[in-house]
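The primary structure of each chain is shown beneath.
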Amino acid sequence: MDKRRNTNEVKTFSFNALEGTAVGGSSSATLFEFKDLSGQTAMGTKPTAKIIRTEREAESKSHFKIDSAVRDLRGLTGQERDDLESSINVQVEKRIKEIREQAYREGLEKGRMEGADAALQEAMAAHEQQIQAVEGMVVELRTQCESRLENHRHDIYEMSKRLLKWLVLKEVQDDGYVPKLLEKLILEMNQRQNLIIRVNHKDFANMPSVVEALEKRIGNLPNVRIEPDMDMKGRGIVLETENGILDASTDALFQTIDKIYESVVNHGR
């Protein structure tokens, strides 16, 4: 070993600044700083969101993987987090909107159904009231009809009875009434002898020819006597036989009609 080298003093080399000032390891040395054109110290500028997104797209399309520290420093991680939160918020808002719309539709349908049911119940109640009103009207009308019928029952029967008597009077005025009546009475009594025939004084003169014509139809009538009945006001015949008496005068016929109608009126009461 060279002994001269060991005895040489070792000195620290100092770099001189461009202005002539020494730059060394002393604590008083001033470090060189890059400055912008305005004389201010240039600071690191954060890239824009568009640049960060472009870098992320380039990373995803290639096999290059950016270091996590660089990703944090460049803002890629923060943008991914913001995009994720934004996407989650969008999905949450979309779901909330769907739930609200579904709830609205369900509420609307339920309200419509409840409204329809309420309208149906109201219509049924109104219909029930109408039915009760109609039933009341029917009962009242029936009561009025029965009352009026009861009040006019006698008048109706009297009118009907008078009409029937008028028809009887119209029939007895026919010229063939007395011959037909006599034939019917004899056939009903089933006796052809020992007969007494009473008629009013107007028909008395024609009775012999009537009896003669009747004998030609039903046979001989022995021992027949014809008598005028001065009390008989209308047309008709009172036939007396050994079996009984048949009063077929107009007065007797009217009395029979009166009894029939009287029994009907009393039965109706």
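For the structure, check the block above.
These remarks concern the structure in this document. (Residues numbered from 1 in each chain as written. Predicted model: local features only at pLDDT ≥ 70, side-chain atom pairs only at ≥ 80, totals over all residues. Heavy atoms only, no water.)

## Concerning the overall build of the protein
The helix and strand inventory of the protein stands at eight helices and six strands. Counting helices and strands in the order they occur from the N terminus, the protein gives α-β-β-α-α-α-α-β-α-α-β-β-β-α. A total of 269 residues make up the protein; the buried ones form 20% of that total. Surface summary for the protein: the accessible area is close to 21,800 Å², and the carbon and sulfur share equals 55%. (Helix = DSSP H or I, 4+ residues; strand = E, 2+ residues; numbered from the N terminus. Buried < 20%, exposed > 50% of the residue type's maximum accessible area, 1.4 Å probe, protein only. Areas by Shrake-Rupley, 256 points an atom, 1.4 Å probe, with all protein chains shown as cover.)

## Looking at the environment of Gly-78
Note on placement: Gly-78 falls in helix H4 (residues 76–172). Since its relative accessible area comes to 19%, Gly-78 is described here as buried. It is 9.9 Å that separates the C-alpha atoms of Gly-78 and Ile-52, two residues lying 26 residues apart in sequence.

## Considerations on the packing of helix H5 (residues 177–189) against helix H7 (residues 207–218)
Put simply, H5 and H7 touch, their axes get as near as 10 Å, and they point 55° apart. If you check the angle between H5 and H7, you find them oblique. Note that H5 runs across H7; the crossing there is right-handed. Contacts between H5 and H7 involve Val-178, Pro-179, Leu-182, Glu-183 and Ile-186 from the first element and Met-207, Val-210, Val-211, Leu-214, Arg-217 and Ile-218 from the second. Here the contact of H5 with H7 is composed, by residue class, of nine nonpolar, no polar and two charged. (Axes fitted to C-alpha atoms, helices over the stretch in contact; angles between N-to-C directions. Parallel < 35°, antiparallel > 145°, perpendicular 65-115°, else oblique. Left-handed = near helix turned anticlockwise from the far one by under 90°. Contact = heavy atoms within 4.5 Å. Nonpolar A, V, L, I, M, F, W, Y, C, P; charged D, E, K, R; others polar.)

## Comments concerning a nonpolar patch on the surface
The grouping of Leu-84, Ile-88, Val-92 and Ile-96 at the surface amounts to a nonpolar patch, some 330 Å² of accessible area in total. Summarising the element assignment, Ile-88 is placed in helix H4. Residue Ile-88 is classed as partly exposed on the basis of its relative accessible area of 45%. (Patch = residues over 30% accessible without salt bridge, like charges linked within 9 Å, V, L, I, M, F, W, Y side chains within 5 Å. Salt bridge = Lys/Arg side-chain N within 4 Å of Asp/Glu carboxyl O.)

## What about H5?
With 13 residues, H5 extends 18 Å from end C-alpha to end C-alpha; this agrees with the ideal 18 Å at 1.5 Å per step. Where H5 is concerned, the buried positions are Tyr-177, Val-178, Leu-181, Leu-182, Leu-185, Ile-186 and Met-189. Down the axis of H5, the smallest arc covering the buried residues is 155°, so these residues share one side. More than 90 degrees from the buried face of H5, the exposed residues found are Lys-180 and Lys-184. Directly after H5, the chain includes Asn-190, whose backbone phi takes a positive value near 55°. (Expected span 1.5 Å × (residues − 1). Arc of directions from axis to C-beta.)

## Comments concerning helix H2 (residues 49–61)
Along its 13 residues, H2 runs 18 Å from first to last C-alpha, staying within 8% of the 18 Å computed at 1.5 Å per residue. Those residues of H2 that sit buried are Ile-52, Arg-56 and Glu-59. Each buried residue of H2 lies within a common arc of 60° when the element is viewed along its axis, so the set occupies one face. Those residues of H2 that are exposed and aimed more than 90 degrees away from the buried face are Lys-50 and Lys-61.

## Examining the nonpolar core
Counting residues in each nonpolar core, the largest one holds 25 residues, and the members touching the most others are Leu-182, Ile-186, Ile-197, Met-207, Ile-237 and Leu-239. When contributions to this core are tallied by element, the ones reaching two or more residues are H4, H5, strand S3 (195–199), H7, strand S5 (236–241) and helix H8 (250–268). For this core, the element with the highest residue contribution is H5, accounting for seven residues. (Core = buried A, V, L, I, M, F, W, Y, C linked by side-chain atoms within 4.5 Å.)

## Quick notes on the pairing of S5
Counting buried positions over the six residues of S5 gives six, a clear majority of the element. Burial along S5 is two-sided: the face carrying Gly-236, Val-238 and Glu-240 and the face carrying Ile-237, Leu-239 and Thr-241 are both buried. As defined by bridge partners, S3 adjoins S5 across three bridges and the pair is classed as antiparallel. Bridge pairing links Ile-197 to Leu-239 in S5. Relative to strand S6 (residues 244–249), S5 runs antiparallel, the two being bridged by six bridges. Paired with Val-238 across the bridge in S6 is Asp-247. Linkage of S5 to S6, two consecutive antiparallel strands, is achieved through a turn of two residues. (Pairing = 2+ DSSP bridges.)

## Let's talk about the pattern of salt bridges
Scanning the entire structure with this criterion turns up six salt bridges. Arg-198 serves as the salt-bridge partner of Glu-227, at 3.4 Å between the closest nitrogen and oxygen. With Glu-227 in strand S4 (residues 224–228) and Arg-198 in strand S3, this residue pair connects regions lying 29 residues apart in the sequence. Here Arg-198 makes a salt bridge to Glu-240, at a shortest N to O gap of 1.6 Å.

## Considerations on the sheet that holds S3
In sheet architecture, strand pairing relies on hydrogen bonds along the backbone and comes in two forms, parallel and antiparallel. Overall, mixed pairing links the four strands, which are arranged S4-S3-S5-S6 in an open sheet. Strands at the two margins of the open sheet, each flanked by one partner only, are S4 and S6. Across the sheet, the axes of successive neighbouring strands diverge by a mean angle of 15°, strand direction being ignored. Sheet strands in contact with H5 are S3, S5 and S6, and its direction is about 25° off that of S5.

Function-wise, these values are silent; they only describe arrangement.
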